[in-house]
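Listed below, chain by chain, are the residues.
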Amino acid sequence: MKTAEKLPTINYQLSTNRRFVWRIVDFAVAGIFIYAGALKAIDPVQFASDIDNYKMLPWPVSVALAFYLPWLEILCALGLVFRFLYRGALSILSASIVVFTLATIGAKVRGLDITCGCFGHASQNWSFPAHLTTNLAILAGLLLLSFKATFGNRLQNSI
Amino acid sequence: MKSSLVGQAVILAALALLPAAGEAIYFRDKISWRSAIAPSEMVTVEQARGWGDTAIWVDARPDDEFANDHVPGAISLNEDRWNELLPQFLALWAPGKKTVVYCSSLSCNSSREVARRLRKEAQLSDVFVLEGGWEAWLKKKR
Amino acid sequence: MIMCLGARAELKWEQTSVELHPAANDKQAIGHFKYQNTGKTPVHFKSVHASCGCTTAQSQKEEVPPGDKGEITATFNIGDRTGTQVKTVTVETDEATNQKTVLTLKAEIPQQLEITPNFVFWKQGDKPDTKTINVKVGKDFTVKHLKVTSSTPDFEAKVEEAGKGEFKIDVKPQDTSKVVASMLTIQPEDSQKVFYATARITNAPQVQ
């Protein structure tokens, strides 16, 4: 009888601990995107120049993206923090990190000497492995959160 | 009511337009949508002429075009012979001078590149690109 | 409904964008843009012109018979350019559709040393303080030592290593009473290539 009474308490504690851990991941990933977005939002002129350096887009498009992308990142990161439009925020951030990673790999393959778009000019001295590792780590965090958002409740209910 | 993933993403994408538009308005003087040269770094022929002796005119066109004709008193500085020509330009420059770089027309990239290198490599301030380039000078000459 | 297809000339490009990686001492970067006339009538080139004087473009032939292949060769004269360079060649033909094609040549020019600033100056009468020139070694290069010499004894230049692949050159004038200039020659050890920076005492700005 004692064991049966203890079970709901243990489950509740585990559930709270799990939620706490997931929130840490939310905040960690959000923090990175808020930081990265803020760096680029502060100097959109430099960011436009960085995008232009990939030589893939016309200049007006580079300017438009330079103004728009940082705010999209910041807004989505805030979505993770405040659990507002959460899944949409996760999908946009995941897509953006995939695009940045592919662009970085593409630039490396082409031998272009450019800064990674994620952190704008602040990451200009990073090596290619450092860029790639950071991007993949962020993507891993996002995929974990996406998995949790999609399947997490079902898993919890089945325990 | 829970909105779909796509719906959420669309809402976020639309909301981000607001601060982006605000920032674009705030930075409108610092960045040009037409070319990679900021509006504050472009000058018209009239403005540059108004600077009189404080202006140093720099011709970024190839040697043969410079030899054919150029702004009176202009010095040639192009990327073909940058290392050789730069010291000659620097010998003329002095603090307080305004450098006006021109090339064949607005669509030509050379003046922008030469101006960029003067700002970045020599760390000179007051370096401008002539709006309309050599063609604009010729029009005003008549 | 009967659809009547007219005979057309059509030039198909293998690629319209070429990326080149010239070596540090190369004077030119050459891009080859191959095409084939996949249409039924000959294609004539009306014009082939490059975006700047530093690039020349030539077509092997003026007329391309149906089925024939050819190429446009774009030669970019590097000169003293550095970093990522993008040059375009606009090709105009007498095709019914798609008369204008823009071919893009991207060249990544390696730079052994990045010298910033390459110009240091003092105004006449200023304190003869030391000014620093930062030298960064390019990613694909290794430079262990730098030799710096001044063309005149009016300036003293000292080099010190400032971290991996970075050097600092401290430049100091003897005095700033006279208007003088010096060419600083910067040469990596074991390299024939020479780089330059300028040191100058300038006239004080005239008050207008």
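Residues numbered from 1 in each chain as written. Chains lettered and ligands numbered in written order. Predicted model: local features only at pLDDT ≥ 70, side-chain atom pairs only at ≥ 80, totals over all residues.

**Regarding the sheet that holds strand S9 (residues 100–109) of chain C**
Residue and element names in this part refer to chain C. The line we're drawing: DSSP-based pairing: two strands are paired if at least 2 bridges between them are found. Strands are runs of DSSP state E lasting at least two residues, helices are runs of H or I lasting at least four, and both sets are numbered from the N terminus onward.
Here five strands make up an open sheet; going across it, the order is S2-S9-S8-S4-S6 and the pairing mixed. Every other strand in the sheet has two partners, leaving strand S2 (17–20) and strand S6 (63–64) as the edge strands with one partner each. Across two bridges, strand S4 (residues 43–50) lies against S6 in antiparallel orientation. What sits directly across from His-44, in S6, is Glu-63.

**So, the pairing of strand S8 (residues 83–93) of chain C**
Residues and elements named next belong to chain C. Examined bridge by bridge, S4 and S8 share five bridges and lie antiparallel to one another. Paired with Val-48 across the bridge in S8 is Val-91. With ten bridges joining them, S8 and S9 adopt antiparallel strand pairing. Bridging across to S9, Thr-84 finds its partner in Glu-108.

**What to know about the environment of Leu-78 of chain A**
Residue and element names in this part refer to chain A. Put simply, the test is: Buried, partly exposed and exposed are defined by the number of other C-beta atoms within 10 Å of a residue's own C-beta, namely 20 or more, between the two limits, and 12 or fewer respectively, with C-beta atoms placed from the backbone.
Examined against the element boundaries, Leu-78 turns out to sit in helix H3 (residues 59–82). The class for Leu-78 is partly exposed, based on 17 C-beta atoms found within 10 Å. On a C-alpha basis, the gap between Leu-78 and Phe-27 in space is 9.1 Å, while along the polypeptide they are 51 residues apart.

**Topic: unusual backbone geometry**
The step from Thr-116 of chain C to Pro-117 of chain C runs through a cis peptide bond, and the omega angle for that step is -10°. Note on placement: Pro-117 of chain C falls in the loop between strand S10 (113–116) and strand S11 (119–123). Of note in this structure, Arg-83 of chain A is not a glycine but carries a positive phi near 50°. Locating Arg-83 of chain A in the fold gives a position in the loop between H3 and helix H4 (86–110). With 11 C-beta atoms counted inside 10 Å, the residue Arg-83 of chain A sits in the exposed group. The residue Leu-85 of chain A is not glycine, and still its phi comes out positive at about 50°. Structurally, Leu-85 of chain A is set in the loop between H3 and H4. The class for Leu-85 of chain A is buried, based on 24 C-beta atoms found within 10 Å.

**Some details on the sheet that holds strand S3 (residues 28–37) of chain C**
Strands pair in a sheet through their backbones, by hydrogen bonds, and they do so in one of two ways: parallel or antiparallel. Residue and element names in this part refer to chain C. Rule in force here: What counts as an axis is a line fitted to C-alpha atoms, over the stretch in contact for a helix, and the angles between N-to-C directions run from 0 to 180 degrees.
Strands sit in the order S1-S3-S7-S5 across an open sheet of four strands; the sheet is antiparallel. Strands with a single pairing partner mark the edges of an open sheet, and in this sheet they are strand S1 (11–13) and strand S5 (55–59). With strand direction ignored, the average angle separating the axes of adjacent strands in the sheet is 25°. Looking at chain direction, S5 and strand S7 (residues 69–77) are connected through five bridges and run antiparallel. Along S7, the bridge assignment pairs Ser-59 with Ile-72.

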